[in-house]
Amino acid sequence: MTLNRRIFLGTGVAAAATLNAPALLADGHGKPRVVVIGGGAGGATAARYIAKDSKGEVDVTLIEPSRTYFTCFFSNLYLGGFREIDDLGHNYGTLAAKYGINVVHDWAVDVDRDSKMVSLAGGSKLPYDKLILSPGIDFVEGAIEGWSLSSQNAMPHAYKGGSQTELLKAQVAAMPEGGTFAMVAPPNPYRCPPGPYERISMIAHTLKASNPTAKIIVADPKSKFSKMALFQEGWSNHYEGMIDWIGEDFGGGEVSVDPAAMTVTIDGEVTNVDACNVIPAMKAGRIAEMAGVTDGNWAPVNAADMSSKADPDVYVLGDASQQGDMPKSGFSANSQAKVCANAVRGALTGSKVFPAKFSNTCWSLIDTNDGVKVGATYEATEEKIAKVDGFISATGEHSDVRKATFEESEGWYAGITADMFS
Amino acid sequence: MTRLRVLPAALAATFVAGAALANQIGDAEAGAKVFSQCTGCHEIGKGAEDRIGPHLNGIFGRKAAAHQGYAYSKSMTRAGNDGLIWTAETLDAYFENPRALVSKTRMSFRGVKKAKDRADLLAYLRGFSDNPSDLPEAEPTARVTDHDLDPAILALEGDPEYGEYLSNECLTCHQSDGSAEGIPSITNWPTDDFVVAMHAYKRKLRPHPVMQMMAGRLNDEEIAALAAYFKDIE
């Protein structure tokens, strides 16, 4: 895998130009071609909207290695026993059949931005007029001393949906009576800010029923986290004495692990653990780096249309993008994808391009029928995607409110997966 | 009501300010006549019981769907869970157009169109709530303003193409095929009901933090566009 474009072009590349000119079609080929890499909340949504709304005018190819896509969102509910793994699996049949999207189950291994060509692991090459990258996250190598990807069977990250999530659940179930579960939480910024803490809640929920004397340790390099007051209230209400959260101030960032010995060392103190979830620091999915659109760990984009600051014909969605104030979430990726789809379609077919509006809501489940949420709306400024307005659940809310919030999250899951795959 | 005082002036101004009715209490005697439209389903006063609808004693200040023993619709229960409290203001909105405030309420009643009739009805109902001595100004029985939507807003012709784009944002949660699982359906609504409901969120009359936030940044044209698009969605 060669990196043939490492030069970062810096900021200020003309985003406006991509919006105005319905140029670049038909030079030797018929329809304008869009290639989307990554079939998650960003990529599947973008492919679906471009194909659906262009009504056959744009040739859309979606590259995604997995035939069945397991959402990372709601995977914590599987860990808590509130969902079956199959409930989280989705396939691309409808996108192909209903909208004519070419769904290619392969890995994209290179992007040549000069010749506008994507190379696949299977050897084929795909030309594009517009390229949309929505590769999600990869992990920063060496972020946690003692852990590497080769340790992911002993100490799963479970931060991509599917088999890793199943493995973690099995390891929690296999813990001896009174055993210890440890989580190494990630530094900012990372996918799904409340995710690690919802996960702790769900594992506590499982252990409370099956292994009530078990202990949970969280080593966290941060001194505060998303929905912190809500989670801490919930942990004290539902799982009193079970969860020991060690934040930055108490050495939570001074962590190393030994996957062979199954030990975790926090601020010099060695603990034997029976199951351990290591969530390392994150960066944009590797293909973004190969495409040469990253600056540091993430890919900077223009807020108006999610186009890369390095290349007006490349767009980066979701977790991989560095856009400003939006959290890295499936909801955000879906929201960004629709803004991007509108802009890409406008650039390729001359359809009307409307101003960007973004939004996000993250629901978390703390215990049965105890749901909380945080959300915000955003707008595009010259500089970034900027927060406009927001809200968060209150501590001490009535149980009816929490139950309604959880039911709403179930509705959202049905809604967003329909918006991606149906 | 403090939450009204913090509304931006421009926003408040989009509603007709109920002129003579603002801060005025209606005529309870006239309200008894208006209530005759309700007696098919609701009882009120000494010995009142739940019938097709719940009895209405003590309605002021109560959370929606909170009266024990009555089986409320899912929609009403949800509104209560979202924080809908019956005050003069929310009741007035409900009487004006029940479905605009609570989408799938089982109260199949088209609404009391005249603001004065509603004011009279509220005055009548208030006599059967716990703290009539609070009257007339104090919460929850105070009338702050009439909030009929400006007819000019209702008359706006929405652009369905713009509505389709804006709808993208709705469809992360609401489903385009009209399914309602934990989140209500928003398809095929009469445009007036849609517009009134969205303005009620925008004005924070309808409870629900996500919807208040989403509606809060939509302007009149955008709401009209969404209404036009969702009305005819297949």
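Each chain carries its own residue numbering, running from 1 in the direction its sequence is written. Written order determines the labels here, with chains lettered from A and ligands numbered from 1. Only residues with pLDDT of at least 70 are given local features in this predicted model, and only at 80 or more are side-chain atom pairs given and counted; all residues enter the totals for whole chains, interfaces and linings.

Undergrad: Which parts of the structure should I look at to understand the domain arrangement of chain A?
TA: Interface size is often expressed as the accessible area that is lost when the parts come together. All names here are of chain A. These domain limits were set by an automatic method or by a database of domain assignments. Domain annotation of chain A identifies domain 1 (15-138 + 282-354) and domain 2 (149-278). Computed from C-alpha atoms alone, the centre-to-centre distance between domain 1 and domain 2 is 32 Å. In this complex, domain 1 contributes 19 residues to the contact, which on the side of domain 2 involves 21 residues. Per element, the largest residue contribution to the side of domain 1 that touches domain 2 is five residues, and it comes from helix H3 (residues 75-79). In this classification, Asp, Glu, Lys and Arg are treated as charged, Ala, Val, Leu, Ile, Met, Phe, Trp, Tyr, Cys and Pro as nonpolar, and every other residue, Gly included, as polar. Partitioning the side of domain 1 that touches domain 2 into residue classes produces ten nonpolar, seven polar and two charged. Remark: residues whose backbone-derived C-beta atoms lie within 7 Å of one another are considered to be in contact. Each helix corresponds to a stretch of at least 4 residues labelled H or I by DSSP, and each strand to a stretch of at least 2 residues labelled E; elements are numbered beginning at the N terminus.

Undergrad: Even after reading the chapter, I still don't get the interface of chain A and chain B, so can you show me in this structure?
TA: Tallying the contact residues gives 28 residues for chain A and 23 residues for chain B. Here the side of chain A that touches chain B takes 13 residues from helix H10 (residues 399-421) of chain A, the largest share from any one element. Here the residues of the side of chain A that touches chain B are counted per class, giving ten nonpolar, nine polar and nine charged.

Undergrad: How should the pairing of strand S22 (residues 357-367) of chain A be read in this particular structure?
TA: Looking along a regular strand, one sees the side chains alternate between the two faces of the sheet. Residue and element names in this part refer to chain A. Among the eleven residues of S22, ten are classified as buried, and the element is accordingly described as predominantly covered. Pairing between two strands requires that DSSP report at least two bridges joining them. In this sheet, strand S23 (residues 370-380) lies alongside S22 in antiparallel orientation, the contact comprising ten bridges. Bridging across to S23, Asn-360 finds its partner in Ala-376. Between S22 and S23, which pair antiparallel one after the other, the connecting turn spans two residues, and Asn-369 there sits at a positive phi close to 55°. Working definition of burial: number of other C-beta atoms within 10 Å of the residue's own, with buried at 20 or more, exposed at 12 or fewer, and partly exposed in between, all C-beta atoms being placed from the backbone.

Undergrad: Would you mind showing me how to read the domain arrangement of chain B here?
TA: All names here are of chain B. Partitioning chain B into structural domains gives domain 1 (18-134) and domain 2 (151-231). Between the C-alpha centres of domain 1 and domain 2 there is a distance of 25 Å. Taken together, the contact between domain 1 and domain 2 spans 13 residues of the former and nine residues of the latter. Taken together, the elements giving at least two residues each to the side of domain 1 that touches domain 2 come down to helix H4 (74-82), helix H5 (88-96) and helix H6 (98-101). Split into classes, the residues belonging to the side of domain 1 that touches domain 2 amount to five nonpolar, four polar and four charged.

Undergrad: Sorry, what's going on with the sheet that holds S23 of chain A here?
TA: Sheets are built from strands paired through backbone hydrogen bonds, the pairs being either parallel or antiparallel. Residue and element names in this part refer to chain A. Spatial ordering of the open sheet is given by S22-S23-S24, a layout of three strands whose pairing is antiparallel. In the strand order of this sheet, the two ends are held by S22 and strand S24 (385-392), each with one partner. The sheet shows a mean angle of 20° between the axes of neighbouring strands, direction not considered. Only the stretch in contact is used when a helix axis is fitted, and all axes are lines through C-alpha atoms; the angle between N-to-C directions ranges over 0 to 180 degrees.

Undergrad: How should the sheet that holds strand S2 (residues 59-63) of chain A be read in this particular structure?
TA: Residues and elements named next belong to chain A. Taking strand neighbours across the sheet as the criterion, the five strands line up as S5-S2-S1-S9-S20 in an open arrangement whose pairing is parallel. One side of each edge strand has no neighbouring strand; the edge strands of this open sheet are strand S5 (102-104) and strand S20 (314-316). Along the sheet, successive strands turn relative to each other by an average axial angle of 15°, direction set aside. Across the sheet, helix H2 (residues 43-54) lies against strand S1 (33-37), S2 and strand S9 (130-133), angled at about 165° from S2, the strand it touches most. Packing of helix H9 (residues 330-349) onto the sheet brings it into contact with S1, S9 and S20, and relative to S9 it is tilted by some 170°.

Undergrad: Sorry, what's going on with H2 of chain A here?
TA: Residue pairs spaced three or four apart in an α-helix point in one direction, given the helix's 3.6 residues per turn. All names here are of chain A. The span you would expect from a helix comes to 1.5 Å times its residue count less one. Look at H2: 16 Å from first C-alpha to last across twelve residues, which is about the 16 Å you get at 1.5 Å a residue. Most of H2 is tucked away: ten of the twelve residues are buried. Gly-43, Ala-44, Thr-45, Ala-46, Ala-47, Arg-48, Tyr-49, Ile-50, Ala-51 and Ser-54 are the residues of H2 that are buried. Here the buried face of H2 lies against S1, S2, helix H4 (93-99), S9, H9 and H10. Lys-55 occupies a position one or two residues after H2 and carries a positive phi of about 50°.

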